[in-house]
Amino acid sequence: MRFEKYHGLGNDFIIVGKGEIGADLKYSELAKKICDRKIGIGADGLIVVSKDENNNNEMIFYNADGSFDTMCGNGFRCFCLYLKNHNLITKDDLVVRTGAGLLKAKIINCDPFMVKVNMGRENYHHESIKFNFQRELFNEKIKVEDKEFYISSLFMGTTHTVIFVEDISNEFVDKYGPIINDLDFFPIDTSVNFCKIEEGKLRIKTWERGVGRTLACGTGSCAAAIVAERLNLMGNNVVVQHLLGELEIELGEDVYMIGTGVKIASGDFEN
């Protein structure tokens, strides 16, 4: 099976054409095998390249644990680069089918590769957030073990919870991320974004649903920027700082994400 590996700010993905995958192999099983960092290639997720019924390029995404997810922001930018590398697009404006619907994007630079993605708008009343039918789960105080948090949850292509804290160390994220991820509010779990503002930028670390702590999260960056702006902590142009680089988030009638995608390797996987 031919594969290629890409990353967006360290959030890494295996990308495989649908035709490479045998009819008897489930995508969820392939994701668990190929994303395993000991006995597979190793990645945070699997992206399958397909076409929808209208001949749009389609991005099918699975987390490393084999769970399906509707959208991945960093993975989407890598998917756009894959399309360009394989001459599957003829212009810089793209329309791509995802599990969250059709998304539009524009390639704004080739060296380094940069793409601007229209991420649509957030949804505070999505079916994946079972908090209260009368109000949003926004800036609500909860207690998790020995700590109190003010949490905000929204659907931004996939479900995210945003929390502003003073400590965004790996140890803190690893302790509280999986607990909040599994709260009863979230029937299919939530990614958890721990945020703090430093030097005018939004620093973020994400405990990603189906993966664990990742180096970056695109949809999580959008969600965090939205909550920061709504809390009057940031304006409508937000620079989100991850360990290996930055994303630009523009908030307007729609939410736009601007960032990179990088090809790492290609090869054959014996499945």
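Bear in mind the structure is a predicted one, so any value in this text is a computation, not a measurement.

Novice: Let's hear about the environment of arginine 203: which residues, and what values?
Specialist: Summarising the element assignment, arginine 203 is placed in strand β13 (residues 201-208). Note: C-alpha distance between arginine 203 and methionine 114 (89 residues apart in sequence) is 21 Å. There is a polar contact of 3.1 Å between the side chain of arginine 203 and the side chain of glutamate 198.

Novice: Help me get a handle on a nonpolar patch on the surface, residues and values and all.
Specialist: A surface patch of nonpolar side chains, amounting to about 310 Å² of accessible area, comprises Leu215, Leu243 and Leu244. Along the polypeptide, leucine 244 turns up in the loop between β15 (237-242) and β16 (245-251).

Novice: Lay out the pattern of salt bridges in plain terms, naming residues and giving numbers.
Specialist: Applying the stated criterion to the full structure yields 18 salt bridges. Between aspartate 93 and lysine 106 there is a salt bridge; the shortest N-O distance is 3.6 Å. Residue aspartate 93 is found in strand β6 (residues 93-98), and its partner lysine 106 is found in strand β7 (residues 101-110); the two are separated by 13 residues along the sequence. Residue aspartate 93 is classed as partly exposed on the basis of its relative accessible area of 43%. A salt bridge links arginine 230 to glutamate 136, with the shortest nitrogen-to-oxygen separation between them at 2.7 Å. Linking arginine 230 in helix α4 (residues 218-230) with glutamate 136 in the loop between β8 (113-118) and β9 (140-144), this pair joins segments that are 94 residues apart in sequence.

Novice: Describe in detail unusual backbone geometry, supporting the description with residues and values.
Specialist: Residue proline 112 follows aspartate 111 across a cis peptide bond; omega there is 5 degrees. Mapped onto the secondary structure, proline 112 falls in the loop between β7 and β8. Residue asparagine 55 is not a glycine yet carries a positive backbone phi of 70 degrees. Within the element layout of this structure, asparagine 55 appears in the loop between β3 (45-51) and β4 (57-63). The residue asparagine 232 is not glycine, and still its phi comes out positive at about 60 degrees.

Novice: So, helix α3 (residues 170-181): which residues are in play, and what are the values?
Specialist: Helix length check: α3 (twelve residues) gives 16 Å between terminal C-alpha atoms against 16 Å at 1.5 Å per residue, within 8%. Of all the residues in α3, the buried ones are Phe172, Val173, Tyr176, Gly177, Ile180 and Asn181. The arc that holds every buried residue of α3, seen down its axis, measures 130 degrees, which confines them to one face. At its buried positions, α3 is contacted by β9, β10 (147-155), β11 (159-164), β12 (191-198), β13 and β14 (212-214).

Novice: Give a detailed account of the pairing of β3, specifying residues and quantitative values.
Specialist: Counted residue by residue, β3 has six buried out of seven residues, so it is predominantly covered. Strand direction decides the pairing type here: strand β2 (residues 11-17) and β3, joined by five bridges, are parallel. Among the inter-strand pairings, isoleucine 14 is bridged to a residue of β3, identified as leucine 46. Taken together, β2, helix α1 (residues 27-35) and β3 constitute a β-α-β crossover, and its handedness is right-handed. Direction of pairing for β3 relative to β4: antiparallel, over a ladder of seven bridges. Of the residues in β4, the one forming a bridge with valine 48 is isoleucine 60. Once β3 ends, the chain turns through five residues before running back antiparallel as β4, passing asparagine 55 with a positive phi of about 70 degrees.

Novice: Quick one: what's the story with the nonpolar core, residue by residue and with numbers?
Specialist: Grouped together as the largest cluster of nonpolar side chains are 51 residues, with contacts concentrated most on Met59, Phe76, Met119, Leu202, Ile249 and Val255. Aside from chain neighbours lying at most four places away, what touches methionine 59 is Ile47, Val48, Cys72, Gly75, Phe76, Phe79, Val96, Arg97, Thr98 and Gly99. If you look at the next biggest cluster of nonpolar residues, it comprises 17 residues, including Ile142, Val144, Ile151 and Ile180.

Novice: Before we move on, can you summarise α1 with the specific residues and values?
Specialist: Here α1 has its buried residues at Leu30, Ala31, Ile34 and Cys35. Summarising the axial view, the buried residues of α1 lie within an arc of 105 degrees, below the 170-degree limit, and thus occupy one face.

Novice: Describe the state of the cysteines, listing the residues and the values that go with them.
Specialist: Throughout the structure, instances matching the rule amount to zero disulfides. As a non-bridged cysteine, cysteine 35 has cysteine 72 as the owner of its nearest cysteine sulfur, 11 Å distant. Residue classification places cysteine 35 among the buried positions, given a relative accessible area of 4%. Summary of cysteine pairing: cysteine 72 is not part of a disulfide, and the nearest cysteine sulfur, belonging to cysteine 217, is at 6.5 Å.

Novice: Report on the packing of aromatic side chains, specifying residues and quantitative values.
Specialist: Per the counting criterion, the structure on display carries eleven aromatic pairs. Pairing phenylalanine 172 with phenylalanine 194 gives two aromatic rings, centres 5.8 Å apart and planes at 85 degrees, and the pair type is edge-to-face. Taken together, the positions of phenylalanine 172 in helix α3 and phenylalanine 194 in strand β12 put the pair 22 residues apart, joining distant regions of the chain. Like phenylalanine 172, the residue phenylalanine 194 is buried in the burial classification. Each ring, one from phenylalanine 185 and one from phenylalanine 186, has its centre 6.0 Å from the other, and the planes form 90 degrees; the classification is edge-to-face. Residue classification places phenylalanine 186 among the buried residues on the basis of a relative accessible area of 3%. Ring pairing ties together the aromatic residues Phe149, Phe172, Tyr176 and Phe194, which thus form one cluster. If you follow lysine 116 out to its NZ or CZ, it ends over the ring of tyrosine 256, 5.0 Å from the centre. Positioned above the aromatic ring of tyrosine 124 is the side chain of arginine 230, whose terminal nitrogen or guanidinium carbon lies 4.9 Å from the ring centre.

Rules and cut-offs
Residues numbered from 1 in each chain as written. Predicted model: local features only at pLDDT ≥ 70, side-chain atom pairs only at ≥ 80, totals over all residues. Heavy atoms only, no water. Helix = DSSP H or I, 4+ residues; strand = E, 2+ residues; numbered from the N terminus. Polar contact = N/O pair within 3.5 Å; in protein donor to acceptor, adjacent residues only side chain to side chain. Patch = residues over 30% accessible without salt bridge, like charges linked within 9 Å, V, L, I, M, F, W, Y side chains within 5 Å. Areas by Shrake-Rupley, 256 points an atom, 1.4 Å probe, with all protein chains shown as cover. Salt bridge = Lys/Arg side-chain N within 4 Å of Asp/Glu carboxyl O. Buried < 20%, exposed > 50% of the residue type's maximum accessible area, 1.4 Å probe, protein only. Expected span 1.5 Å × (residues − 1). Arc of directions from axis to C-beta. Contact = heavy atoms within 4.5 Å. Pairing = 2+ DSSP bridges. Right-handed = clockwise from strand over helix to strand, strands pointing away. Core = buried A, V, L, I, M, F, W, Y, C linked by side-chain atoms within 4.5 Å. Disulfide = S-S within 2.5 Å. Phe/Tyr/Trp six-rings, centres within 6.5 Å; stacked < 30°, edge-to-face > 60°. Lys NZ or Arg CZ within 6 Å of the ring centre and 35° of its normal.

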